[in-house]
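Overview (structure and organization)
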Amino acid sequence: QVHLVESGGGVVQPGGSLRLSCVASGSTQNIYLMRWYRQAPGKQRDMVASISNAGITHYLDSVKARFTISRGNAKGTIYLQMTGLQLEDTATYYCNSWDNIGGDSWGQGTQVTVSS
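Reading the values: rules and limits
- Residues numbered from 1 in each chain as written.
- Predicted model: local features only at pLDDT ≥ 70, side-chain atom pairs only at ≥ 80, totals over all residues.
- Heavy atoms only, no water.
- Phe/Tyr/Trp six-rings, centres within 6.5 Å; stacked < 30°, edge-to-face > 60°.
- Lys NZ or Arg CZ within 6 Å of the ring centre and 35° of its normal.
- Pairing = 2+ DSSP bridges.
- Helix = DSSP H or I, 4+ residues; strand = E, 2+ residues; numbered from the N terminus.
- Axes fitted to C-alpha atoms, helices over the stretch in contact; angles between N-to-C directions.
- Buried < 20%, exposed > 50% of the residue type's maximum accessible area, 1.4 Å probe, protein only.
- Contact = heavy atoms within 4.5 Å.

1. Comments concerning the packing of aromatic side chains
Applying the stated criterion to the full structure yields two aromatic pairs. The positively charged end of arginine 19 is found above the aromatic ring belonging to tyrosine 79, 3.9 Å away from the centroid. Here arginine 45 stacks its cationic end above the ring of tyrosine 94, 3.8 Å away from the centre of that ring.

2. So, the sheet that holds strand E1 (residues 2–7)
With antiparallel pairing, the four strands of this open sheet are ordered in space as E1-E3-E8-E7. Of all strands in the sheet, those with a lone pairing partner are E1 and strand E7 (67–71), marking the two edges. Each neighbouring strand pair of the sheet contributes to a mean axis angle of 15°, computed without reference to strand direction. Bridge count for E7 against strand E8 (residues 77–82) is five bridges, and the pairing is antiparallel. From the neighbouring strand, arginine 71 faces E8, where its bridge partner is isoleucine 78.

3. Some words on the environment of serine 62
Within the secondary structure, serine 62 is located in the loop between strand E6 (57–59) and E7. Residue serine 62 is classed as partly exposed on the basis of its relative accessible area of 44%. Between the C-alpha atoms of serine 62 and asparagine 100, which are 38 residues apart in sequence, the distance is 30 Å.

4. Considerations on the side chain of serine 21
Tracing the backbone through its elements, the reader meets serine 21 in strand E3 (residues 18–26). Not counting residues within four places of it along the chain, the set of residues in contact with serine 21 comprises Val5, Glu6, Ser7, Trp36, Ile78 and Tyr79.

5. Quick word on unusual backbone geometry
Even without glycine at this site, alanine 65 takes up a positive phi of about 75°. By secondary structure assignment, the location of alanine 65 is in the loop between E6 and E7. For alanine 65, a relative accessible area of 84% translates into the label exposed.

6. Things to note about the environment of methionine 82
Here methionine 82 lies in strand E8. The buried category is assigned to methionine 82, whose relative accessible area is 0%. Along the chain, methionine 82 and glycine 15 lie 67 residues apart, while their C-alpha atoms are 9.8 Å from each other. Among all residues touching methionine 82, those that are not within four sequence positions of it are Gly16, Ser17, Leu18, Leu20, Arg66, Phe67, Tyr93 and Val112.

Spelled out as structure tokens, the structure:
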């Protein structure tokens, strides 16, 4: 079982930056893929960025060139550097991991609010 904890959310003005962190604990040795999702009120949960063990990354089109997903030194640690934040980036951001034993695991989410 994998336990995920996100941090780094907050309130920022348009054009600002935030860095989200996600730290996994438990059976991290089986994690193959980690992802950031976001969900705004009344909307579906969308994948924002993903990174595999091989370092292959994918991004939601609307955040390409503004967001960067990266891995920390410890297995199961990822970051999401967000720059040029826009009003439509306001959402709860969730960390997700996938492993070949337990499948998907989710964090509790961290709120990002972009407001002038």
